[in-house]
Structures are given as C-alpha cells and as structure tokens.
Amino acid sequence: MLRKIFLIVPLIFLSSSCAFVDKEISLEPNSPQYNNAKANETVYLNEFKDKRNIKDKIGVIKNGYGMETANVTTDQDISALIEESLIRNLKNAGFNIKKLVATSNINALLSNKQMYLEGAIYKFYVEPNVGWWYADMVADINIKINVKSKNETFSESYRIESKNPDMYWGSSSSYEDPLETSIEKLASRITTDLIYFSNKL
C-alpha cells in the first residue's frame, strides 16, 4: 500500500506543477486519401457557424486531484480550422470545392452533381479525466451539417469523442493530439457521408 502511495504522489506533483498556467495550443490535423472518390462533383461550402456556448477557451487543465486550475486556449479560428480540414478531405476524395459567403440564390447555383454544404459547431473541447494512475485526455466535438442538392436534402449531427491515456498531461501535445484525432475523424465521417449522398444524385 505504501509503495502505491509513493508512486501516486510524484505523479500528482508532476501533473500539478504546470496546472495553474493557461496553455495555448496549435492544431494541425492530417487528411487521408480516398480510393473510392468521384471527381468533377462540386460542393459549395458556406462558412461554418460557431454556436459554442464557451468561446473563450477550448478546454481546461486539471491538477492531479481532478480540480480545474487553468484554461486551454488557441488563437486559431475554430470554424476555419474545421472547414480547412474538411476541404482537404473533400478534395482528396475528388470533390471540387467552392466557398460561399452567403446563401442567396443558392438554388440557381445547383445543377446535377452539385451540392451545397453548411454547418454549425456546438462543442469543441478537451479536458483530462483524472484517475489514480493516469488521465484520459478527452476531446469532444459536436457539429451539425445541412446538405442540399438540386432535388435532395441531407442533415446530420456528429458527436466525435477521442480519448488518449496520458501519465503526465502537462505538455501541449497532450491536449493537441486528441483534438486533432477528433477533427480527423469528423472530416472523414462527413466526407464518407457526402460520397454516399453524391452517389445517389
């Protein structure tokens, strides 16, 4: 029992030592290739709306006792970050992307094999779930998209959660890695759904 206590105390000390300082992180998600892509299909992409209840931070830091002690922030635009990741995925899947800034007269733009896509972000957050021996770094992204073609519509909500076990959650990568994984999963899921939707057009 004493051996367990002696092991736990250093971990709590290490994880608490940097817990009182806000941490600014930078995210660079990857994009996969798609073998079942269909080229020459256009997606008109409108700007994703940021509807998060909490916008001044993207997560929290906790000490070894599980108490919130500081914030995780970024100077990156979350809407733009998700859009850019999705655009890379869609291009890798063979889609042509055209960005829009307004929805006016969208029906006039759509012809066969063309789609209009808009989305809203409701959650983008990372935090440690502190246990006895380590913390699960949990990233949670929640968004909704609406897709419209000339004759069809498609709406879907996505909740993507990623967990990374971490013995010492003091580094920036402890918070960046699960968020990047969630962004990658999200973009992949949306791209796969759009490929399926486009095959029905």
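Our structure's up above, just so we're on the same page.
Residues numbered from 1 in each chain as written. Predicted model: local features only at pLDDT ≥ 70, side-chain atom pairs only at ≥ 80, totals over all residues. Heavy atoms only, no water.

Caption draft 1: Fine view of the overall build of the protein chain. Counting secondary structure elements, the protein chain contains 4 helices and 9 strands. Sequence-ordered secondary structure for the protein chain, helices as α and strands as β, is α-β-β-β-β-β-α-β-α-β-β-β-α. Every one of the 201 residues in the protein chain was classed for burial, and the buried ones make up 46%. Across the protein chain, every contact between residues at least 6 apart in sequence was considered, and the portion connecting residues at least 24 apart equals 75%. For the protein chain, the accessible surface area stands at approximately 10,900 Å², while carbon and sulfur atoms represent 49% of it. (Helix = DSSP H or I, 4+ residues; strand = E, 2+ residues; numbered from the N terminus. Buried < 20%, exposed > 50% of the residue type's maximum accessible area, 1.4 Å probe, protein only. Contact = heavy atoms within 4.5 Å. Areas by Shrake-Rupley, 256 points an atom, 1.4 Å probe, with all protein chains shown as cover.)

Caption draft 2: The arrangement of the pairing of strand 2 (residues 41–46) in detail. In terms of burial, strand 2 is a largely internal element, 6 of the 6 residues being buried. Residues Glu41, Val43 and Leu45 of strand 2 are buried on one face, and the alternating residues Thr42, Tyr44 and Asn46, pointing to the opposite face, are buried as well. Pairing analysis gives 4 bridges linking strand 2 to strand 7 (residues 114–130), with the strands arranged parallel. From the neighbouring strand, threonine 42 faces strand 7, where its bridge partner is glutamine 114. (Pairing = 2+ DSSP bridges.)

Caption draft 3: Summary view of the packing of aromatic side chains. Summed over all chains, the structure comprises 1 aromatic pair. Judged by centre distance (5.7 Å) and plane angle (25°), the ring pair of phenylalanine 154 and phenylalanine 197 falls under stacked. Taken together, the residues phenylalanine 154 in strand 9 (residues 153–166) and phenylalanine 197 in helix 4 (residues 172–199) connect sequence positions 43 residues apart. By the burial criterion, phenylalanine 154 is buried, and phenylalanine 197 matches it. (Phe/Tyr/Trp six-rings, centres within 6.5 Å; stacked < 30°, edge-to-face > 60°.)

Caption draft 4: Seen up close, the nonpolar core. With 42 residues, the main nonpolar core has Ile82, Phe95, Phe124, Ile143 and Ile145 as its most contacted residues. Those elements that provide at least two residues to this core are strand 2, strand 5 (68–73), helix 2 (78–92), strand 6 (95–100), strand 7, strand 8 (135–148), strand 9 and helix 4. Considering each element in turn, this core owes the most residues, 8 residues, to helix 4. Ignoring anything within four residues of it in the chain, the contact list for isoleucine 145 reads Phe48, Leu117, Glu118, Gly119, Phe154, Ser155, Glu156, Tyr158 and Ile190. In this structure, Tyr44, Leu100, Leu110 and Tyr116 belong to the second largest nonpolar core, which totals 5 residues. (Core = buried A, V, L, I, M, F, W, Y, C linked by side-chain atoms within 4.5 Å.)

Caption draft 5: Summary view of the packing of helix 2 against helix 4. At a closest axis distance of 9 Å, the pairing of helix 2 and helix 4 adopts a crossing angle of 50°. Compared by their axis directions, helix 2 and helix 4 come out oblique. Both helix 2 and helix 4 take part in a crossing whose hand is right-handed. Contact residues: Leu81, Ile82, Ser85, Leu86, Asn89 and Leu90 in helix 2; Ile183, Leu186, Ala187, Ser188, Ile190, Thr191 and Leu194 in helix 4. Residues belonging to the contact of helix 2 with helix 4 are distributed by class as follows: 9 nonpolar, 4 polar and no charged. (Axes fitted to C-alpha atoms, helices over the stretch in contact; angles between N-to-C directions. Parallel < 35°, antiparallel > 145°, perpendicular 65-115°, else oblique. Left-handed = near helix turned anticlockwise from the far one by under 90°. Nonpolar A, V, L, I, M, F, W, Y, C, P; charged D, E, K, R; others polar.)

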